[in-house]
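Observations on the three-dimensional arrangement
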Number of protein chains: 2
Amino acid sequence: MNDMHEHEHDDIVSRLRDAGLRPTRQRLALADLLFSHGDRHVTAESLYDEALGQGVRVSLATIYNTLNQFTSSGLLREVVVDSGKSYFDTNTEAHQHVFNEDTGAIDDVQLSLDAEELASRIAVPEGHEITGVDVVVRLRRSQ
Amino acid sequence: MNDMHEHEHDDIVSRLRDAGLRPTRQRLALADLLFSHGDRHVTAESLYDEALGQGVRVSLATIYNTLNQFTSSGLLREVVVDSGKSYFDTNTEAHQHVFNEDTGAIDDVQLSLDAEELASRIAVPEGHEITGVDVVVRLRRSQ
DNA sequence: GTAACTGCAAAACTTTTGCAACCAG
DNA sequence: CTGGTTGCAAAAGTTTTGCAGTTAC
């Protein structure tokens, strides 16, 4: 296989099983890329290129499936910063984002604002619930 | 033409000229739809359908051109809430949004949070500037 | 008259889907 | 085995583009 350590491999297997997903070759390889290198922000295309670059044989359709499945099961969080492309964040904790509109790069920030408190100021319609409070600071090169 | 009052028509003409845009038939009609009915949130498709419904003859390509030109010149503000579709807001003042993920409806809210203050907590890279601080509260039907 | 603008169709992108082949348990 | 998964190609949805024809000034 590759140089994944045995216990890391087992961790990833458990993580997938806990999420109700079979630990297939593709999902293991993608989970390893996503979760074994700190907090990351990827797009389908960037993860696809990275996988191919690492010699992981996987189709783009599977990348999309996997990113969506990981997001549904709480392993990833989708970050909406661009109206033409989906970004996914391996950090699922409450935090905010800085988006560089020139490069498409996303950074995490902790603005220590209370999403609960913000949410409490919203008049939530009957039978609805707040699924998230997203904060994005947009950056661009000056001039 | 239609039942636009003369002075309203003139207002719109000035507004377009001030933005450096020729007041063409299409732009006048779209500006009227957008700015004569309070604060609105539209997509290219929704504005296109509305225009056709009102008997305004305009192509979808022109809707896209117009929305982008209006946004560039500050007449509209783009609201990024969906990674597959662009929304435009006629309210260009500082405010936040509530997005209903089931219906795609957007509402304005004033959370009276200080974007300047939030922005001041960000480490802005050399030669870059903050172009906006976006806050979106996401809603979904419970269950 | 001329540069700006518009419409149409085609192209470019991102994402989803249908289905046969494949694989984990 | 058998249902979940994958890959491929095709389709779907949104947005942009190229360019001939039109319009504002």
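By convention here, each chain's residues receive numbers from 1 onward along its written sequence. In the order they appear in the text, chains get letters beginning with A and ligands get numbers beginning with 1. With pLDDT at 70 or above as the cut-off, local features in this predicted model cover only qualifying residues; side-chain atom pairs require 80 or more to be listed or tallied, and sums for whole chains, interfaces and linings still use all residues. Water and hydrogen atoms play no part in the side-chain values, which are based on all heavy atoms of the structure.

- Per an unreviewed UniProt entry, chain A goes by the name Ferric uptake regulation protein and belongs to Alkalilimnicola ehrlichii.
- Comment text from UniProt for chain A, heading Sequence similarities (unreviewed entry), reads "Belongs to the Fur family."
- UniProt positions are given in the numbering used here, feature names are shortened, and annotations may be inferred rather than shown by experiment. The Subcellular location (unreviewed entry) comment attached to chain A in UniProt states, word for word, "Cytoplasm".

Structural notes on the pairing of strand 5 (residues 106-109) of chain A
All names here are of chain A.
- When strand 4 (residues 96-100) meets strand 5, the two strands line up antiparallel, connected through four bridges. When the bridges of strand 5 are listed, Q96 appears paired with V109.
- For two strands to be treated as a pair, DSSP must find no fewer than two bridges joining them. Helix and strand assignments follow DSSP, with helices taken as H or I runs no shorter than four residues and strands as E runs no shorter than two, numbered in order from the N terminus. Linking strand 4 to strand 5, which pair antiparallel, is a turn of five residues; within it G104 sits at a positive phi near 80 degrees.

Remarks on the pattern of salt bridges
Residues and elements named next belong to chain B.
- The salt bridge criterion pairs a side-chain nitrogen of Lys or Arg with a carboxyl oxygen of Asp or Glu, the two atoms within 4 Å. Inspection of the entire model under this criterion finds ten salt bridges over all chains.
- Salt-bridge contacts for R121 lead to E117; the nearest nitrogen and oxygen are separated by 2.8 Å.
- Only protein chains enter the accessibility calculation, which uses a 1.4 Å probe; a residue is then buried when its area is under 20% of its type maximum, exposed when over 50%, and partly exposed in between. Classification of E117 as partly exposed rests on a relative accessible area of 34%.

So, the protein's contact with DNA strand C
- Residue proximity to a molecule or strand is established when one non-hydrogen atom of the residue lies within 4 Å of it. Within the structure, DNA strand C sits among 19 residues, and A:Y64, A:S86, B:T24, B:Q26 and B:T62 are positioned closest to it.
- Counting only the atoms of DNA strand C that lie within 4 Å of the protein, the sugar and phosphate share comes to 82%.
- A:R17 places a side-chain nitrogen or oxygen 2.9 Å from a phosphate oxygen of DNA strand C.
- Counted as a polar contact is a pair of N or O atoms within 3.5 Å, where, for protein atoms, one must be capable of donating a hydrogen and the other of accepting one, and residues adjacent in sequence contribute only when both atoms are in side chains. Here a phosphate oxygen of DNA strand C and a side-chain polar atom of A:N68 are 3.2 Å apart.
- Of all elements in the fold, only helix 4 (60-72) of chain A together with helix 2 (25-35) and helix 4 (60-72) of chain B reach the threshold of two or more residues within the surface near DNA strand C.
- Residues are grouped as follows: nonpolar covers Ala, Val, Leu, Ile, Met, Phe, Trp, Tyr, Cys and Pro; charged covers Asp, Glu, Lys and Arg; every other residue, Gly included, is treated as polar. Taken together, the residues that form the surface near DNA strand C break down as five nonpolar, seven polar and seven charged.

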